[in-house]
Amino acid sequence: MSGAGAPKTEKIDGSGLKVVIVAGTWHDVITNGLIAGAQRVLDDADADYRLVRVPGSFELALAAQAAFAGGADAVVALGVIIRGGTPHFEYVSAATTDGLTRVSLDAGKPVGFGVLTLDDEKQGLDRAGLEGSKEDKGAEAADAALRTALVVRGLRG
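Residues numbered from 1 in each chain as written. Predicted model: local features only at pLDDT ≥ 70, side-chain atom pairs only at ≥ 80, totals over all residues. Heavy atoms only, no water.

Visitor: Now, about the pairing of strand S3 (residues 74-82): what can you tell me, with residues and values included?
Guide: Across the 9 residues that make up S3, a large majority, 8, are buried. Here strand S1 (residues 18-23) pairs with S3 via 5 bridges, running parallel. Considered in S3, the bridge of Val19 is made with Ala74. Here S3 pairs with strand S4 (residues 111-118) via 8 bridges, running parallel. When the bridges of S4 are listed, Leu78 appears paired with Gly114. (Buried < 20%, exposed > 50% of the residue type's maximum accessible area, 1.4 Å probe, protein only. Helix = DSSP H or I, 4+ residues; strand = E, 2+ residues; numbered from the N terminus. Pairing = 2+ DSSP bridges.)

Visitor: Explain the packing of helix H2 (residues 60-69) against helix H3 (residues 88-107) residue by residue, including any values.
Guide: Put simply, H2 and H3 touch, their axes get as near as 8 Å, and they point 15 degrees apart. Classified by the angle their axes make, H2 and H3 are roughly parallel. The crossing of H2 and H3 is right-handed. Touching Leu60, Ala61, Ala64, Gln65 and Phe68 of H2 are Thr96, Gly99, Leu100, Val103 and Ala107, all from H3. (Axes fitted to C-alpha atoms, helices over the stretch in contact; angles between N-to-C directions. Parallel < 35°, antiparallel > 145°, perpendicular 65-115°, else oblique. Left-handed = near helix turned anticlockwise from the far one by under 90°. Contact = heavy atoms within 4.5 Å.)

Visitor: Go over helix H5 (residues 137-156) with me, naming the residues and quoting the values.
Guide: Compared with an ideal rise of 1.5 Å per residue, which puts 20 residues at 28 Å, H5 spans 28 Å between its outermost C-alpha atoms and is within 8% of the ideal. Three or more residues of H5 are buried, namely Lys137, Gly138, Ala139, Ala141, Ala142, Ala145, Leu146 and Ala149. Summarising the contacts, the buried residues of H5 are in contact with S1, helix H1 (28-44), S3, S4 and helix H4 (121-127). Just downstream of H5 lies Gly157, where phi reads positive at about 75 degrees. (Expected span 1.5 Å × (residues − 1).)

Visitor: A description of the nonpolar core should follow, citing residues and the corresponding values.
Guide: Counting residues in each nonpolar core, the largest one holds 26 residues, and the members touching the most others are Val19, Leu42, Val76, Leu78 and Leu146. Going through the elements one at a time, S1, H1, S3, S4 and H5 are the ones with two or more residues in this core. Beyond its immediate stretch of four places on either side in the chain, Val19 contacts Leu42, Ala47, Asp48, Tyr49, Arg50, Ala74, Val76 and Leu146. Counting 19 residues, the second-largest nonpolar core is a separate cluster that includes Leu60, Ala61, Phe68 and Val115. (Core = buried A, V, L, I, M, F, W, Y, C linked by side-chain atoms within 4.5 Å.)

Visitor: Which residues make up H2, and what values go with them?
Guide: What H2 keeps buried is the set Leu60, Ala61, Ala63, Ala64, Ala67 and Phe68. Down the axis of H2, the buried set is contained in an arc of 165 degrees. They therefore lie on one face. Among the exposed residues of H2, those oriented more than 90 degrees off its buried face are Leu62 and Ala69. Contact partners of the buried residues in H2: S1, S3, H3 and S4. Immediately downstream of H2, the backbone of Gly71 shows phi near 100 degrees, a positive value. (Arc of directions from axis to C-beta.)

Visitor: Mind laying out the packing of H1 against H5, listing which residues take part and the relevant values?
Guide: When two helices pack together, you describe them by how their axes are tilted relative to each other and by the distance separating the axes. Two elements in contact, H1 and H5, have axes whose closest approach is 6 Å; the angle formed by their N-to-C orientations is 40 degrees. Judged by the inter-axis angle, H1 sits oblique to H5. Considering how the two elements wind past one another, H1 and H5 form a crossing that is right-handed. Mapping the contact onto sequence places Leu34, Gly37, Ala38, Arg40, Val41 and Leu42 in H1 and Lys137, Gly138, Ala139, Ala142, Asp143 and Leu146 in H5. Broken down by class, the residue content of the contact of H1 with H5 amounts to 7 nonpolar, 2 polar and 3 charged. (Nonpolar A, V, L, I, M, F, W, Y, C, P; charged D, E, K, R; others polar.)

Read these as layout, nothing more, since geometry by itself doesn't imply function.
Spelled out as structure tokens, the structure:
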């Protein structure tokens, strides 16, 4: 399982950073766990943030693009895509990943990637940061977005 070997990190000072969490609405229990983890990290870092919900993971990239156009320093993208019996999973997973990567590179700003691509719902529950979960991917995505925003800010002076 991923998460093994994760670096030990210092507390983040995200004060002055404007962050937008964009989250899909599918698989509510898992998605709400991801959101709670991201909010906890952003609160602990004193970052200024808001939450925006979109219909699904496919729509995350456009919302992230709009967040950057509105002045966000970072975006935390959260979604859940569960494999089904058709190729839909592959198309949505690839489009979501490619879209968020493009938005980040075009904006020159970080997108914390908290989109879970899963074989089944149990894998999502194990990663959602809920009581009994093994991982907290929402928190990890927010942490990555904040740390990268600070690195980018430092590199640009």
